[in-house]
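Report on the structure
One letter stands for each residue in the lines below.
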Amino acid sequence: MVGSLQPNMGGAILAHAIARDALEARVKNDPFVVEGIVTAEILEITPARADERLNFLMG
């Protein structure tokens, strides 16, 4: 899942089933990060509720 943060606060990517070190490496190699156009911050969440179509995130 990818989308914009509002109001005009940048973007967000929801990642699932990837080890943190692998995610950090992927973000570090993103061309926008490499070129210094954007900075990235990785935040972990513990989902409490979700639409039933996203139940796979609840495990």
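If you're wondering where the values come from, they're calculated on a predicted model, not measured in any experiment. Each chain carries its own residue numbering, running from 1 in the written order of its sequence. Confidence filtering applies because this is a predicted model: local features only for residues at pLDDT of at least 70, side-chain atom pairs given and counted only at 80 or more, and all residues used for totals across whole chains, interfaces and linings. Just so you know, side-chain values use all the structure's heavy atoms and leave hydrogens and water out.

Residues with no salt bridge and a relative accessible area higher than 30% make up the patches, which join like charges within 9 Å and nonpolar side chains (Val, Leu, Ile, Met, Phe, Trp, Tyr) within 5 Å. Each accessible area value is a Shrake-Rupley result obtained with a 1.4 Å probe; residue values ignore everything except the protein chains displayed when judging cover. Basic side-chain nitrogens of Lys or Arg form a salt bridge, by our definition, when they fall within 4 Å of a carboxyl oxygen of Asp or Glu. Together, Phe-32, Ile-37 and Val-38 line one region of the surface with nonpolar side chains, adding up to about 290 Å² of accessible area. Where helices and strands are cited, they refer to DSSP runs of H or I of at least four residues and of E of at least two residues respectively, numbered from the N terminus. Note on placement: Ile-37 falls in the segment after helix 2 (31–34). Judged by its relative accessible area of 55%, Ile-37 falls in the exposed class. Each residue gets one of three labels from its accessible area relative to the maximum for its type: buried under 20%, exposed over 50%, partly exposed in between, using a 1.4 Å probe on protein chains only.

Looking now at the environment of His-16. Of note, His-16 is situated in the loop between strand 2 (10–13) and helix 1 (20–28). Spatially, the C-alpha atoms of His-16 and Leu-57 are 7.2 Å apart, while their sequence positions differ by 41 residues. Only heavy atoms matter for contacts: two residues are in contact if any of them lie within 4.5 Å across the pair. In this structure His-16 touches Phe-56 and Leu-57, once residues within four positions along its chain are discounted.

Moving on to the environment of Leu-43. Mapped onto the secondary structure, Leu-43 falls in the segment after helix 2. Separated by 21 residues in sequence, Leu-43 and Ala-22 place their C-alpha atoms 14 Å apart.

Moving on, we come to the confidence of the model for the chain. The pLDDT score gives, residue by residue, the confidence of the prediction method on a 0 to 100 scale. Confidence along the chain averages 87 in pLDDT terms, with 95% of residues attaining 70 or more. The spread of mean pLDDT over the elements of the chain runs between strand 1 (residues 2–5), the lowest at 74, and helix 1, the highest at 96.

What follows is about the layout of surface pockets. Cavity: a set of points on a 1 Å grid over the protein atoms alone where a 1.4 Å probe fits but cannot get out. Pocket: an open set with protein on both sides within 12 Å along at least five of seven lines, its lining residues, like those of a cavity, having an atom within 4 Å of a point. Grid points are joined across faces, edges and corners, and a volume is the space filled by probe spheres set on the points. Put simply, the largest pocket is a space of about 1,500 Å³. Considering the residues around the largest pocket, the lining is formed by 34 residues, among which Ala-12, Ile-13, Leu-14, Ala-15 and Glu-41 are closest to the centre. For the lining of the largest pocket, the elements supplying multiple residues, two or more each, are strand 1, strand 2, helix 1 and helix 2. In this classification, Asp, Glu, Lys and Arg are treated as charged, Ala, Val, Leu, Ile, Met, Phe, Trp, Tyr, Cys and Pro as nonpolar, and every other residue, Gly included, as polar. Of the residues belonging to the lining of the largest pocket, the class tally is 23 nonpolar, five polar and six charged.

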